[in-house]
Amino acid sequence: MELQIKNLGAIKEGTIDLSKKLNVFCGPNGTGKTYLAYAIYGLLKNQIHVGSNEEIVKNLVDNKKLNYKIDFEALQDYRKDLISNFKEDFDSLFGIGEVLAKQFFDETEISFRETQEDFDLKLIDSNFEVILSLRRVNLKFSKEKNSKVVLIEIIDKTISNEDINVLNFYLNSTILSLLATYPISSTYILPVERNSIFTFSKELSISKQEAVDHFHAMTSKNKTAPYELLFKKTTRYPLPIKDGLMIADDLAETKKNTSDFFDFATEIENELLHGKVIIDSDGEIQFKPDKAQKRLLPIHMTASIIKSLASLVIYLKHLAKKNDLIIIDEPEINLHPDNQLVLTRLFARLINKGFRLLISTHSDYVVRELNNLIMLSSKKEEVIKLKEVLSYQYKDNEYINKEDIDVHFFDYPKKKTGNKQVVIEKLKILSSGFEIPTVNKTIEEQNEIAEELFYALEYAGNDE
């Protein structure tokens with residue numbers, strides 16, 4: 001699934017292939033990396049209600065399974081509506097008013113790059129198995145390669161009348177949404193503000209903020225009619241932060257779900273956090289250190305690395321599904337260099353377990369470790385022998401095939417003087433990895449300065 005972006009904030013144009021297992025955004029500050037990450041998240045989180053199909057639901061409920069023939073024309077209409085509706089929601093996506101949204105994003109264009117024929121052929125050629133939940137109803141969607149039929153199965157044994165009502169309302173839209181954004185089943189984001197979301201979730205509560213907004217609306221000189229408040233959108237927070245706060249508000253319920261990737265979350269706890277992230281019965285996050293297991297620390301009393309990664313651990317324990325896209329803005333935040341290397345290796349394990357990952361990074365440690373993981377994927381005999389020597393550092397599934405990664409460099413064109421818009425350049429991936437121009441330049445300049453100072457200090461005449 002390829003997206004084409006034009007005139008998004010500082011960005012003039014760019015293309016992102018989300019079918020890649022790993023997309024890396026890099027480049028100087030203020031070049032639109034977070035804007036684009038938010039835009040991708042907003043587009044993929046957007047769902048359109050297309051009406052019910054009671055006949056499909058009845059057949060599914062009666063037989064516990066259903067062969068759904070893909071309606072390619074309906075899919076294309078759905079994809080067009082996704083783009084159209086998304087452009088109207090920039091205010092809620094970025095947490096700004098409608099006037100500012102129109103001012104900043106009126107010329108923004110986002111579109112699916114594939115032609116209808118290309119998309120149809122890719123979907124027919126695909127094979128997948130996805131489990132999704134519609135309220136309390138768990139459904140398995142599976143498709144075989146070269147087939148135009150999706151098998152839908154009800155996992156639950158009993159279905160209530162309320163469940164049937166839910167299926168009537170959501171099923172048709174869910175099918176189209178799943179197929180329209182193939183190969184991504186759902187999306188989860190960890191914005192740079194993730195440290196604060198769980199730490200201050202009660203103070204930043206969405207319901208509390210909406211109550212405050214409604215109070216001001218009712219008591220201001222220009223009073224708002226009560227029925228208008230029901231449809232009034234809050235733009236206090238950008239969508240990624242708002243969604244994070246909604247998860248934080250509902251942790252007591254979230255903990256009841258156990259994801260297939262619970263054990264992988266435990267690996268992160270063991271290798272990086274050295275303790276367990278726990279949700280208590282009241283929905284509060286606590287941390288149990290390995291070295292003091294009788295103590296339970298509230299999240300605000302923990303180390304910054306725990307605050308930074310708690311949301312990823314909770315997602316993997318309770319919400320994660322295969323084929324999810326995980327977006328992480330600056331994963332290196334609050335991590336010592338050695339832990340940045342461990343986290344990068346964990347990313348390789350994530351994508352090799354069936355996830356897709358999009359990260360934005362400024363870390364040379366992360367970049368260099370990505371390059372090591374690309375080199376580790378080589379089938380050359382010398383690399384295989386060296387991999388055995390390095391087995392104490394790298395696990396078998398810690399590698400990245402160069403075909404599975406795209407690296408996007410965000411920067412202002414240097415040749416065009418006066419150009420005020422960023423162009424996204426796709427960097428070349430070699431068998432040895434990739435280089436980020438601005439990072440390498442900064443390191444080289446710093447090394448040169450350090451060498452000159454060192455020689456001046458050690459070998460110049462003694463003036464003291």
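Just so it is clear, the model here is predicted, and its values are computed rather than measured. (Residues numbered from 1 in each chain as written. Predicted model: local features only at pLDDT ≥ 70, side-chain atom pairs only at ≥ 80, totals over all residues. Heavy atoms only, no water.)

**Student:** Now, about the pairing of strand S8 (residues 149-154): what can you tell me, with residues and values included?
**Tutor:** Here S8 shows one buried face, formed by Val150, Ile152 and Ile154, and one open face, formed by Val149, Leu151 and Glu153. The pairing of strand S4 (residues 65-69) with S8 spans five bridges and is classified as antiparallel. Residue pairing across strands places Tyr68 opposite Val150, the latter belonging to S8. Alignment of strand S7 (residues 137-143) against S8, held across four bridges, turns out to be antiparallel. Along S8, the bridge assignment pairs Leu139 with Ile154. Hairpin connection from S7 to S8: five residues lie between these consecutive antiparallel strands, with Asn146 at a positive phi of about 65°. (Buried < 20%, exposed > 50% of the residue type's maximum accessible area, 1.4 Å probe, protein only. Helix = DSSP H or I, 4+ residues; strand = E, 2+ residues; numbered from the N terminus. Pairing = 2+ DSSP bridges.)

**Student:** Can you explain the confidence of the model for the protein? Please cite residues and give values.
**Tutor:** Of all residues in the protein, 90% attain a pLDDT of 70 or more, and the chain-wide mean is 84. Within the model, the stretch residues 227-233 combines pLDDT values under 50 with six contacts to residues more than four positions away or in other chains. (pLDDT = per-residue confidence, 0-100. Contact = heavy atoms within 4.5 Å.)

**Student:** Mind laying out unusual backbone geometry, listing which residues take part and the relevant values?
**Tutor:** Cis geometry marks the peptide bond from Tyr182 to Pro183; its omega dihedral reads 15°. Its place among the elements puts Pro183 in the loop between helix H7 (161-180) and strand S9 (187-190). Despite not being glycine, Lys64 shows a phi value in the positive range, around 65°. For Lys64, a relative accessible area of 30% translates into the label partly exposed. Notably, His274 is not glycine yet its phi reads approximately 55°, a positive angle. The topology assignment puts His274 in the loop between helix H13 (262-273) and strand S10 (275-279).

**Student:** Give a detailed account of the packing of helix H1 (residues 33-45) against helix H3 (residues 72-87), specifying residues and quantitative values.
**Tutor:** It is at 9 Å that the axes of H1 and H3 come closest, and there the two elements cross at 125°. When the axis of H1 is compared with that of H3, the two are oblique. Seen along the crossing, H1 lies across H3 with a hand that is right-handed. Between H1 and H3, the contacting residues are Ala39, Gly42 and Leu43 on the first element and Leu82, Ile83 and Phe86 on the second. Here the contact of H1 with H3 is built from residues that sort into five nonpolar, one polar and no charged. (Axes fitted to C-alpha atoms, helices over the stretch in contact; angles between N-to-C directions. Parallel < 35°, antiparallel > 145°, perpendicular 65-115°, else oblique. Left-handed = near helix turned anticlockwise from the far one by under 90°. Nonpolar A, V, L, I, M, F, W, Y, C, P; charged D, E, K, R; others polar.)

**Student:** Please set out the pattern of salt bridges residue by residue, giving values where relevant.
**Tutor:** Across all of its chains, the model carries 20 salt bridges by this definition. Across the pair Glu162 and Arg136 runs a salt bridge whose closest N-O atoms are separated by 3.4 Å. Of the two residues, Glu162 is situated in helix H7 and Arg136 in the loop between strand S6 (128-134) and S7; the sequence distance between them amounts to 26 residues. Here Glu162 and Arg136 have matching classes, each one exposed. Linking Arg349 and Glu398 is a salt bridge whose minimum nitrogen-to-oxygen distance equals 2.9 Å. Taken as a pair, Arg349 in helix H15 (residues 337-352) and Glu398 in the loop between helix H17 (381-389) and strand S15 (405-411) lie far apart in primary sequence, 49 residues in all. (Salt bridge = Lys/Arg side-chain N within 4 Å of Asp/Glu carboxyl O.)

**Student:** Explain the sheet that holds strand S2 (residues 11-17) to me, using residue names and the numbers behind them.
**Tutor:** Read across the sheet, nine strands follow the order S5-S1-S2-S16-S15-S3-S14-S13-S9 without closing on themselves; strand pairing throughout is mixed. Every interior strand has two partners, whereas the edge strands, strand S5 (109-112) and S9, have only one. Adjacent strand axes in the sheet meet at a mean angle of 15°, parallel and antiparallel pairs treated alike. As defined by bridge partners, S15 adjoins strand S16 (residues 422-426) across four bridges and the pair is classed as antiparallel. Considered in S16, the bridge of Asp411 is made with Val423.

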